[in-house]
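Fold and contact review
Residue strings, one per chain:
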Amino acid sequence: MSSKTPTPHPDAAPPGSAPPETAHAAEGSPEAGTRPGLFHDASLSAVLAGFVAVVVSYSGPLVIVLAAASAGHLNTAQTSSWVWAISIGSGLTCIALSLRTKMPVITAWSTPGAALLVTSLGAYSYAEAIGAFIVTGLVITLVGLTGVFGWLMRQVPTAVVSAMLAGILFSFGTGVFTSLKTAPLIAGSVLVAYLLAKRWLPRYAVLVALAAGVAASAVSSRLDIHLDRIELAKPVLTTPEFSLASLIGIAVPMILATLASQNAPGMAVLTASGYEPKDRLLIGSTGLVSTALAPFGSHAINLAAITAAICTGPESHRDPKRRYVAGVSCGAFYLLIGAFGSTLVVLFAGLPKELVAAVAGVALLGALAGGLTGAVKEEKDREAALITFLATASGVTLFGIGSAFWGLLFGVIAHFVLTRWRGTPTEPAK
């Protein structure tokens with residue numbers, strides 16, 4: 001359905017700009033082989049982008065995991081092991097894949113998968129759930145390694161992909177301003193600090209905004225952090241049990257939700273940012289890690305979308321080739337927090353939700369702007385892109401699958417109808 005535009009030569013870029021099309025040197029190319037190392041490419045802005053991505057992950061999606069653990073009547077040790085497994089899995093894949101591909105590959109645990117478990121985990125034994133997690137990881141690995149998933153994603157028009165990205169990030173952009181209603185000092189401080197820093201210290205705009213937001217939270221007595229003790233997590237190995245009921249009730253919907261609502265948008269974020277993600281490597285690797293850590297509680301590790309956009313945009317670094325550092329940074333923070341299980345989670349749980357929403361919003365402005373630009377670039381694709389954007393931004397969930405997938409599906413259908421069935425245009429009468 002889509003055609004790839006030729007990648008322009010880096011020399012064609014205007015001075016001081018870094019077009020997305022040059023974001024990723026092909027693996028094995030001379031340019032890729034002669035690139036400087038990690039420490040040369042490291043920057044404070046990229047490290048901070050990775051940190052913000054982790055803050056967003058632990059301040060939001062992890063709450064769903066904890067709710068699922070409570071619904072499944074897991075004890076403290078099992079819950080801590082679950083947090084350890086998804087954190088370590090996310091950290092290892094972030095670091096390894098980012099270094100391997102020189103792209104900011106951000107992974108995380110399946111949020112829709114965790115939401116599914118909130119309502120279903122209590123109906124099965126924990127051992128049966130572990131068995132379903134293993135099967136989920138194996139199937140996702142198979143789908144990734146065969147290249148089927150990547151082939152399907154490559155058929156999606158670029159404008160539709162960009163529109164889906166914009167739709168995913170839309171609520172985060174508006175979150176900056178809706179937070180003004182409940183916490184005007186915190187959200188206002190973040191926004192003002194970001195704008196001022198963007199004018200005079202653009203590379204550190206998010207850092208300045210975060211610092212201002214934390215200071216405002218402290219002044220308004222909204223920081224609620226109580227850290228009684230710090231202790232290393234102790235992984236709990238659970239022997240899996242396999243039952244048809246748990247495979248149908250847990251594995252099947254989790255496979256669909258993870259592929260459609262997580263990996264598809266995750267691939268789209270990388271593509272919309274100008275990278276060329278290798279689907280076999282990325283999906284296959286996350287599936288393998290999910291399978292390996294499933295006996296310790298990991299329900300599914302996958303590509304991230306929202307937190308990925310924080311690390312793939314210009315706020316991470318002006319040079320797209322140096323943004324992979326954000327992926328390594330994100331992975332390092334995952335490993336640090338995961339090593340202590342749920343102990344350090346309270347540090348992020350104590351942050352005001354308005355602070356997290358505002359910081360995430362300003363950090364994603366660049367990615368949102370890029371998505372909107374890509375969506376309307378080609379006139380023939382604008383209607384399909386608009387449908388994609390509206391469906392995705394609506395937040396609709398059908399059959400347990402999130403709006404990102406439905407936006408993608410409706411956009412592809414609209415693109416097909418409007419372009420493949422369109423008659424030959426006639427010349428207007430003179």
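Treat the numbers as computed from the prediction; the structure is a model and nothing was measured. (Residues numbered from 1 in each chain as written. Predicted model: local features only at pLDDT ≥ 70, side-chain atom pairs only at ≥ 80, totals over all residues. Heavy atoms only, no water.)

Note on placement: Leu372 falls in helix α18 (residues 365-376). Between the C-alpha atoms of Leu372 and Phe170, which are 202 residues apart in sequence, the distance is 9.8 Å. If near-sequence neighbours (up to four positions away) are discounted, Leu372 is found in contact with Ala166 and Phe389. (Helix = DSSP H or I, 4+ residues; strand = E, 2+ residues; numbered from the N terminus. Contact = heavy atoms within 4.5 Å.)

Moving on, we get to the confidence of the model for the chain. Mean pLDDT over the chain works out to 83, with 85% of the residues at or above the 70 mark. Mean pLDDT in the chain bottoms out at helix α1 (residues 30-33), which sits at 43, and peaks at helix α13 (residues 279-293), which reaches 96. Taken together, the stretch residues 1-33 has pLDDT below 50 and engages in 44 contacts with residues farther than four places along the chain or on a different chain. Scored below 50 in pLDDT, residues 424-430 shows zero contacts in the model against residues more than four places distant or in partner chains. (pLDDT = per-residue confidence, 0-100.)

The next subject is the packing of aromatic side chains. Enumeration over the complete set of coordinates arrives at nine aromatic pairs. A centroid spacing of 5.2 Å and a plane angle of 65° characterise the contact between Phe51 and Phe333, whose relative ring orientation is edge-to-face. Separated by 282 residues along the polypeptide, Phe51 in helix α3 (residues 44-59) and Phe333 in helix α15 (residues 324-338) bring together distant segments of the chain. Residue Phe333 is classed as partly exposed on the basis of its relative accessible area, which comes to 24%. Ring centres of Phe170 and Phe389 lie 5.6 Å apart, and the angle between their planes is 85°; this geometry places the pair in the edge-to-face category. Note that Phe170 is positioned in helix α9 (residues 158-182) and Phe389 in helix α19 (residues 382-394), a separation of 219 residues in sequence. A residue is classified by how much of its surface remains accessible, and Phe170, at 37% relative accessible area, is partly exposed. When its relative accessible area of 17% is taken as the criterion, Phe389 is described as buried. In textbook terms, an aromatic cluster arises when at least three aromatic residues are bridged by ring pairs, as seen for Tyr58, Trp109 and Tyr334. One residue, Lys102, lies across the ring of Tyr324, its end atom 5.2 Å from the ring centre. (Phe/Tyr/Trp six-rings, centres within 6.5 Å; stacked < 30°, edge-to-face > 60°. Buried < 20%, exposed > 50% of the residue type's maximum accessible area, 1.4 Å probe, protein only. Lys NZ or Arg CZ within 6 Å of the ring centre and 35° of its normal.)

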